[in-house]
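# Report on the structure
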Amino acid sequence: MTPPDPEPKGFDLVTLLAERGAERYDLHARYLNHQLPRMLHTIGFDKVYERAEGAYFWDDEGRDHLDMLAGFGVMGLGRHHPVVRKALHDVLDAGLADLTRFDCQPLPGLLAEKLLSHAPGLDRVFFGNSGTEAVETALKFARYATGRPRVLFCDHAFHGLTTGSLSVGGESGFREGFDPLLPDTPVPLGDLAALERELVKGDVAALIVEPIQGKGVHPAPPGYLRAARELLHRHKALLIADEVQTGLGRTGDFFAYQHEEGVEPDLVCVAKALSGGYVPVGATLGKEWIFKKVYSSMDRVLVHSASFGSNAQAMAAGLATLAVMEDEKVVDNARVTGELLRDRLTALVDRYELLHEVRGRGLMIGIEFGRPKSLGLRSRWMMLQAARKGLFAQMVVVPLLQRHRILTQVSGDHLEVIKLIPPLIIGEREVDRFVAAFTAVMDDAHSGGGLMWEFGRTLVKQAVAVR
């Protein structure tokens, strides 16, 4: 007699996580980027976070952690916003005929319409899956529309890590070993004369620029974007605004370029927060004539496309995100709360000689540290600098997490800058918590001893060993 078939197990995500969740760091070390768990273990960031909501995580001991990083800006609305969550349940339950490739579903058109309502002067949208895809799209469209090969970018810029976007990246650490890249050219941020020297060569398609650079949190100088656009158009080149991190309210305006009157980019790149923190989505907004030149005939209908672009889940998440931003006045909150946080931190600059500058707009804030005047602190500072620039900023980030349960990041390799890009929904309570914690860390750093400098010596040993 044939035995009955065993009962099918199916797939149970909750059970899988319960059974294997404790292996998280081992699994990453074995199958993914092995340096990530190594780095996290080294600096004591190897936490076990079990749930999240809004601007907070909770670890396996039930302790809350304040998120001042927002997943590198992805979590603009915080984690698990109920409106976005419901929209995703609704779109899955609807059972739409998604990605047939040969029809026109309503959600992409509705999201494009809503996005463009926040960007006067722009007419059409291409949807991809990430910020780097949005940049790649803009680079291709600019080259095709102008018939020119070269794109200018700013020193220290970051636009993504795929080959095209890396070609317009200004950080050598990301580029090293991936040559040859595209023949694009850096210019200093804010230097109009350098921009014009490249434009007169007649082969420039566009300048791509972050209105506030993510690496180091450096805003474009006042008037630069407007003057650059005029100069570019005079030489028949385009302005591309990379708003992947600065867009959707981050800086207190819907787009950061809108802070300055009279700036109208030809192409705008969007991603990160548009996802609602759930489904990857990227968008490239542009002028009518550019899109019509790229898609100039039915033969070219698929000349630029993305397999998962415009999928229903991403479009639903984007629509829900924009609705929440309007209903909850998220952009206004980013501006008001950002001013409060920046003012509170700026007031500390005269108090702490290691604190050099606080800059940024809205909830994109850079805290820069610099060489102190007093002999004792200066000797310790120089010890760190000799080993590796950026170690002091890392010394601040670590106790903020380990002692105060606040997650932050150093703003870039070899930079003494901490970048704050929290969820745009934070308020005065979170500002109070961060400023109190930061003050305590600064007090320790200026005390001349303590755990911070002990950790600093550990970092120095590691930095020297890596050389």
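Residues numbered from 1 in each chain as written. Predicted model: local features only at pLDDT ≥ 70, side-chain atom pairs only at ≥ 80, totals over all residues. Heavy atoms only, no water.

Time to look at the packing of aromatic side chains. In this description, an aromatic ring pair is defined by two values, namely the gap between the centres and the angle between the planes. This model, assessed by the stated rule, comprises 11 aromatic pairs. Note that Arg51 overlies the ring of Trp58, its terminal NZ or CZ placed 4.1 Å from the centroid. The ring of Phe158 carries Lys215 above its face, with NZ or CZ at 5.1 Å from the centroid. (Phe/Tyr/Trp six-rings, centres within 6.5 Å; stacked < 30°, edge-to-face > 60°. Lys NZ or Arg CZ within 6 Å of the ring centre and 35° of its normal.)

This brings us to the pairing of strand β12 (residues 282-286). Most of β12 is tucked away: 5 of the 5 residues are buried. Side chains of β12 alternate between two faces, with Gly282, Thr284 and Gly286 and Ala283 and Leu285 buried alike. In terms of strand pairing, strand β4 (residues 124-128) meets β12 through 5 bridges, oriented antiparallel. Paired with Gly128 across the strands is Gly282, a residue of β12. (Buried < 20%, exposed > 50% of the residue type's maximum accessible area, 1.4 Å probe, protein only. Helix = DSSP H or I, 4+ residues; strand = E, 2+ residues; numbered from the N terminus. Pairing = 2+ DSSP bridges.)

Attention shifts here to the sheet that holds strand β1 (residues 49-53). A sheet is described by the order of its strands in space; here 4 strands give the open sequence β1-β2-β3-β15, paired in mixed fashion. In this open sheet, the two strands that pair with only one neighbour each are β1 and β15 (406-407). Where β1 meets strand β2 (residues 56-59), 4 bridges bridge the pair, whose relative direction is antiparallel. The residue of β2 that forms the bridge with Tyr49 is Asp59.

Let's shift gears to a nonpolar patch on the surface. Among the surface-exposed residues, Phe11, Leu13, Leu16 and Leu17 lie close enough to one another that they form a single nonpolar patch of about 440 Å² accessible area. Relative to the helices and strands, Leu17 resides in helix α1 (residues 13-20). Taking the relative accessible area as the measure of exposure, Leu17 reaches 55% and is therefore exposed. (Patch = residues over 30% accessible without salt bridge, like charges linked within 9 Å, V, L, I, M, F, W, Y side chains within 5 Å. Areas by Shrake-Rupley, 256 points an atom, 1.4 Å probe, with all protein chains shown as cover. Salt bridge = Lys/Arg side-chain N within 4 Å of Asp/Glu carboxyl O.)

A water-sized probe rolled over the atoms picks out the places where empty space is left. For the second largest pocket, the calculated volume is near 1100 Å³. Contributing to the lining of the second largest pocket are 27 residues, with Arg101, Asp103, Cys104, Val301 and Ser310 lying nearest its centre. Only α6 (106-116), β4 and α12 (288-294) provide two or more residues apiece to the lining of the second largest pocket. In terms of residues, the lining of the second largest pocket owes the most to one element, β4, which gives 4 residues. When its residues are assigned to classes, the lining of the second largest pocket shows 13 nonpolar, 8 polar and 6 charged. (1 Å grid on protein atoms, 1.4 Å probe; cavity = no way out; pocket = protein on both sides within 12 Å on 5 of 7 lines; lining within 4 Å. Points joined across faces, edges and corners; volume = space filled by probe spheres on them. Nonpolar A, V, L, I, M, F, W, Y, C, P; charged D, E, K, R; others polar.)

Another aspect to go through is empty space enclosed by the protein. Following the criterion strictly, the structure yields 2 cavities of 30 Å³ or more and no others. Its volume calculated, the largest cavity comes out at about 40 Å³. Lining the largest cavity we find Ala157, Phe158, Gly160, Leu161, Leu166, Gly169, Gly170, Glu171 and Phe174. Taken together, the residues of the lining of the largest cavity sort by class into 5 nonpolar, 3 polar and 1 charged. Estimates place the volume of the second largest cavity at around 30 Å³. As for the second largest cavity, its lining consists of Gly73, Gly76, Gln245, Gly247, Leu248, Arg250, Ala273 and Leu424. Residues belonging to the lining of the second largest cavity are distributed by class as follows: 3 nonpolar, 4 polar and 1 charged.

No statement about biological role is implied by the geometric values presented.
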